[in-house]
Amino acid sequence: MSTSTRPARRQGRNTEADLIAEDLAIEFDDDSSGPPEDRDDHPFTQQRPVIQAVDPKNVCMVVDDASMTYRVRSSTGNNNSGGRISRGLKRITGAGWAEVHALSNLSFIVNRGESVGVIGTNGSGKSTLMKLLTGKVRPTSGEVYATSTPVMLGVNAALVKEISGRENIRLGCLAMGLTPEQTAAKYDQIVEISGLSDALEMPLKTYSSGMSSRLQFAIATSVDPDILLIDEALNTGDAQFRARTKERLDEVRANAGAVFLVSHSLGTIKQMCTRVIWIEQGEMLADGDPQWVCEQYEEYTSHKSNGRTRAAKVVYERTRLRLDPVKIDFTSGSRPKKAGSSRIR
Amino acid sequence: MAAPALERAGGPTESGDARRVAQLDGSNLIRVGARPGLFRYIREIWSFRHFLYYDSHSRVSSANSYDSLGRIWMILNPVLFGTAYFFVFGLLLNTGRGIDNFIGYLIIGVFTFRFFTAAVSGGANAIAGNQKVVQAFNFPRACLVISTTVRELFSSIPMFFVMALLVLSIGDMQLGGAESIPITLTWHWLLFFPCIALALMVMLGWSLALARAVNAHNDVKHLISFSTRILFYTSAVFFSADRYADLGVEWLDTVMSLNPLFCVLDILRHAWLYDGFADPGRWIVLGSWAAGSMVIGFLIFWHGEESYGKER
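Quick caveat, the model's predicted, so the values are computed rather than measured.

Draft legend 1. Representation of the overall build of chain A within the structure. Along its length, chain A carries 11 helices and 11 strands. In chain A, 75% of the contacts between residues at least 6 apart in sequence involve partners at least 24 apart.

The following block contains the structure:
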């Protein structure tokens, strides 16, 4: 591979990355799964962005330059910010703010029919992204748009501990906006999926964590949402439960317009997804073909876990060079403002 | 604390090195998590009425499930407090001087006061204390506050029965030098229902406003328990409102008559203890509080709808 074309391609990029890449003589293969073919490689015009028209009928979800910074109450964190007086005040009250930059400037479009896997090491911002996508939290800047309110299937959300499993099923269904008749109709299916028919009369506080996550899963999957977010925690549970849930999960996935799957299991991701987004340290690092992204991710994590920081950095930069960021532009006046319905169906 | 504006000015910032611009027509899309308009919000609450009812109902039955005496505490609690106040204020401090049927007076005061403050402090905590439910589902958040108030009403029904029984049986007991007027069950007792309905509206309005405040700033909780104390000592729970007039502090009398809880107590006492009507001014003050709190509280809560899922 000749080196002469490379500087032009990566003009305006991180120079440190260039150095490292040059250093280790990394090869770029320009075929397949890389940036789109319509990119202008000419050095003089390549800075001009390519404008692509997107068919609004296909679009399911648009994340427009979303950033998230958490401000949480903390008695220890971040006591160095602010002026002298505010610092003194914090020392006296013991109540300060800690700022956590969880995500920065994320933009992507998801089309109808796509299954998007989201990967990243712990603390990279996956869960934050999921919270933004479900609208539980509004991004500090940027916005998230969709055709309908996405629904998260997770097991981390506990139900009401003091009341029985049976009451929790009814309460959960009603909280999703089902009518009492629909709730009654779904009841047997939920009990069957949860496999908890013996423990239904017991209050939820007597359940083990596995049992309550099964119940939560069964309730959450009783509806067929259009945009579905699946949390990695669904991979927990014993083999028997997993077999039972897989069938239902496939059904829900088949009915959904778009699916997000957060997982640490690359096998699941490769098997289920048509596209993978890799988030690292709050930034999008890759967005594309599952096979390719997963390979990079595997290499990155294996370097990381073996303490080869420099090699990991190389993989990181190499992957980032392939990233093809997109900017969202709504045709004049069509930036969505209206709210979605709280009811699922 | 300002709520986030519905549409941010200026739009998103320019992102650094995007080489692709995707142009699309967003008129079919919604903004995820956006707050619906006021009337649509009310309609959504209506469509979640079954959830609201079931939530309050199921939690009444489990409210005291950690205690071995269970639901008996709902009655035992005000009875114990009433007895304690009777000894402290009635016998030791003798605040009941000049009050006819002081025992009945004190029972109505203590029981109703407990109902009022339990509902308001419960409602104020409805969002902050139910983060798990808020995180898991997408219903309009006002449902949680409303259901807390409804739950408080449900769980107070046995307490109100005990209150009526106590007033009927020992309310007119002869005490010291005070006169006793025999208490009988008349149709005036029915005034209890419109009076409590108006009180519920006041409580709901306050709960809605406080729920948002507590969720945004946990510090408000401390202020609530302080304000509850103040309300207790200024609502004539265990003394007569005439005390202020006797002391010659005119403005305190005015403040008192504008206090919605005092209006509730005064209406109930006139109906139950003295078989008559309270001053019509009390109904006007209470009615205005009910309407005003409902409207203002609801608007405050609705305006913060997008902030309730936030980590604290």
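Draft legend 2. Structural detail: the overall build of chain B. Scanning chain B from terminus to terminus reveals 12 helices and 2 strands. Order of helices (α) and strands (β) in chain B, N terminus to C terminus: β-β-α-α-α-α-α-α-α-α-α-α-α-α. The buried share among the 312 residues of chain B stands at 42%. Across chain B, every contact between residues at least 6 apart in sequence was considered, and the portion connecting residues at least 24 apart equals 79%.

Draft legend 3. Inspection of unusual backbone geometry at higher detail. A positive phi angle is found at Asn-105 of chain A, which is not glycine, with a value near 45°. Locating Asn-105 of chain A in the fold gives a position in strand E3 (residues 96-111). A tally of 21 C-beta atoms within 10 Å means that Asn-105 of chain A is categorised as buried. Phi at Asn-101 of chain B is positive, roughly 50°, even though this residue is not glycine. Counting through the fold element by element, Asn-101 of chain B comes out in the loop between helix H3 (73-92) and helix H4 (102-124). For Asn-101 of chain B, a count of 27 C-beta atoms within 10 Å gives the class buried.

Draft legend 4. Representation of the sheet that holds strand E1 (residues 50-53) of chain A. Taken in spatial order, the 3 strands line up as E1(A)-E1(B)-E11(A) in an open sheet, and their pairing is parallel. Looking at the sheet topology across the chains shown, the edges are occupied by E1 and strand E11 (326-330) of chain A. With strand direction ignored, the average angle separating the axes of adjacent strands in the sheet is 25°. When E1 of chain A meets strand E1 (residues 20-24) of chain B, the two strands line up parallel, connected through 4 bridges. Note on E1 of chain B: the bridge partner recorded for Val-50 of chain A is Arg-20 of chain B.

Draft legend 5. Structural detail: the interface of chain A and chain B. Opposite the 65 residues of chain A that make contact, chain B presents 49 residues. No other element matches strand E2 (residues 59-74) of chain A, which puts 7 residues into the side of chain A that touches chain B. Taken together, the residues of the side of chain A that touches chain B sort by class into 33 nonpolar, 16 polar and 16 charged.

Draft legend 6. Here's a closer look at the sheet that holds strand E10 (residues 283-288) of chain A. All names here are of chain A. Read across the open sheet, the 6 strands follow the order E6-E7-E8-E4-E9-E10; overall the sheet is mixed. The open sheet has two edge strands with one neighbour each: strand E6 (151-153) and E10. Within this sheet the neighbouring strands show an average axis-to-axis angle of 20°, counted without direction. Looking at chain direction, strand E4 (residues 115-119) and strand E8 (residues 258-262) are connected through 4 bridges and run parallel. The partner of Val-116 across the bridge, within E8, is Phe-260.

Draft legend 7. Representation of the packing of helix H7 (residues 192-216) of chain B against helix H8 (residues 220-234) of chain B. All names here are of chain B. One can describe the packing of H7 onto H8 by two numbers: an axis separation of 8 Å at closest approach and a directional angle of 140°. With respect to each other, H7 and H8 are oriented oblique. Contacts between H7 and H8 involve Leu-210, Ala-213 and Val-214 on the former and, on the latter, Val-220, Lys-221 and Ile-224. Of the residues contributing to the contact of H7 with H8, the split by class is 5 nonpolar, no polar and 1 charged.

Draft legend 8. Broad picture of the packing of helix H6 (residues 142-170) of chain B against H7 of chain B. All names here are of chain B. The N-to-C vectors of H6 and H7 enclose an angle of 140°; their axes lie 10 Å apart at closest approach. Overall, the two elements H6 and H7 adopt an arrangement that is oblique. As H6 packs across H7, the resulting crossing turns out to be right-handed. Counting all contacts with H6, which are made through Ala-142, Val-145, Ile-146, Thr-148, Thr-149 and Leu-153, the residues of H7 involved are Leu-200, Met-203, Leu-204, Ser-207, Leu-208 and Ala-211. Of the residues contributing to the contact of H6 with H7, the split by class is 9 nonpolar, 3 polar and no charged.

Draft legend 9. Seen up close, the pairing of E4 of chain A. All names here are of chain A. Buried residues dominate E4, accounting for 5 of its 5 residues. Direction of pairing for E4 relative to strand E9 (residues 275-280): parallel, over a ladder of 4 bridges. Its bridge partner lying in E9, Gly-117 is registered against Val-276.

Draft legend 10. Main features of the pairing of E1 of chain B. Here E11 of chain A pairs with E1 of chain B via 5 bridges, running parallel. Looking at E1 of chain B, one finds that Ile-328 of chain A is bridged to Ala-22 of chain B.

Draft legend 11. Highlighting the environment of His-270 of chain B. All names here are of chain B. Position of His-270 relative to the elements: it lies in helix H11 (residues 260-272). Judged by C-beta crowding, with 17 C-beta atoms within 10 Å, His-270 ranks as partly exposed. Taking the C-alpha atoms as reference points, His-270 and Leu-191, separated by 79 residues in sequence, lie 9.7 Å from one another. His-270 has contacts with Gly-276, Phe-277 and Ala-278, leaving out every residue within four places of it along the chain.

Draft legend 12. Representation of helix H3 (residues 84-93) of chain A in the model. Counting buried positions along H3 of chain A yields 0 of 10 residues, so the element is predominantly exposed. Downstream of H3 of chain A by a residue or two, Gly-94 of chain A has a phi angle that is positive, lying close to 70°.

Draft legend 13. Region of the structure containing helix H10 (residues 290-305) of chain A. All names here are of chain A. Given a rise of 1.5 Å per residue, 16 residues ought to cover 22 Å, and the 22 Å separating the end C-alpha atoms of H10 matches this to within 8%. Taken as a whole, H10 has its buried residues at Pro-290, Val-293, Cys-294, Gln-296, Tyr-297 and Tyr-300. One side of H10 carries all its buried residues, which in axial view fall inside an arc of 160°. Against the buried residues of H10 lie E4, helix H9 (266-272), E9, E10 and helix H11 (309-322). Positive phi appears at Gly-307, one or two residues downstream of H10, with a value of about 80°.

Draft legend 14. Region of the structure containing the confidence of the model for chain A. Residue and element names in this part refer to chain A. Summarising the model, chain A shows a mean pLDDT of 78, and 80% of its residues fall at 70 or more. Mean pLDDT across the elements of chain A ranges from a minimum in helix H1 (residues 6-9), with 42, to a maximum in E9, with 92. Overall, residues 1-13 carries pLDDT values under 50, and its contacts beyond four positions in sequence, including any with other chains, amount to 12 contacts. Within the model, the stretch residues 25-37 combines pLDDT values under 50 with 12 contacts to residues more than four positions away or in other chains.

Draft legend 15. Quick look at the confidence of the model for chain B. Residues and elements named next belong to chain B. When pLDDT is averaged along chain B, the result is 83; 89% of the residues meet or exceed 70. Throughout residues 1-16 the model reports pLDDT below 50, and contacts reaching past four residues in sequence, or to other chains, amount to 19 contacts. Across the assembled chains, the prediction reports ipTM 0.78 with pTM 0.81.

Calculation rules
- Residues numbered from 1 in each chain as written.
- Chains lettered and ligands numbered in written order.
- Predicted model: local features only at pLDDT ≥ 70, side-chain atom pairs only at ≥ 80, totals over all residues.
- Helix = DSSP H or I, 4+ residues; strand = E, 2+ residues; numbered from the N terminus.
- Contact = placed C-beta atoms within 7 Å.
- Buried ≥ 20, exposed ≤ 12 C-beta atoms within 10 Å, placed from the backbone.
- Pairing = 2+ DSSP bridges.
- Axes fitted to C-alpha atoms, helices over the stretch in contact; angles between N-to-C directions.
- Nonpolar A, V, L, I, M, F, W, Y, C, P; charged D, E, K, R; others polar.
- Parallel < 35°, antiparallel > 145°, perpendicular 65-115°, else oblique.
- Left-handed = near helix turned anticlockwise from the far one by under 90°.
- Expected span 1.5 Å × (residues − 1).
- Arc of directions from axis to C-beta.
- pLDDT = per-residue confidence, 0-100.

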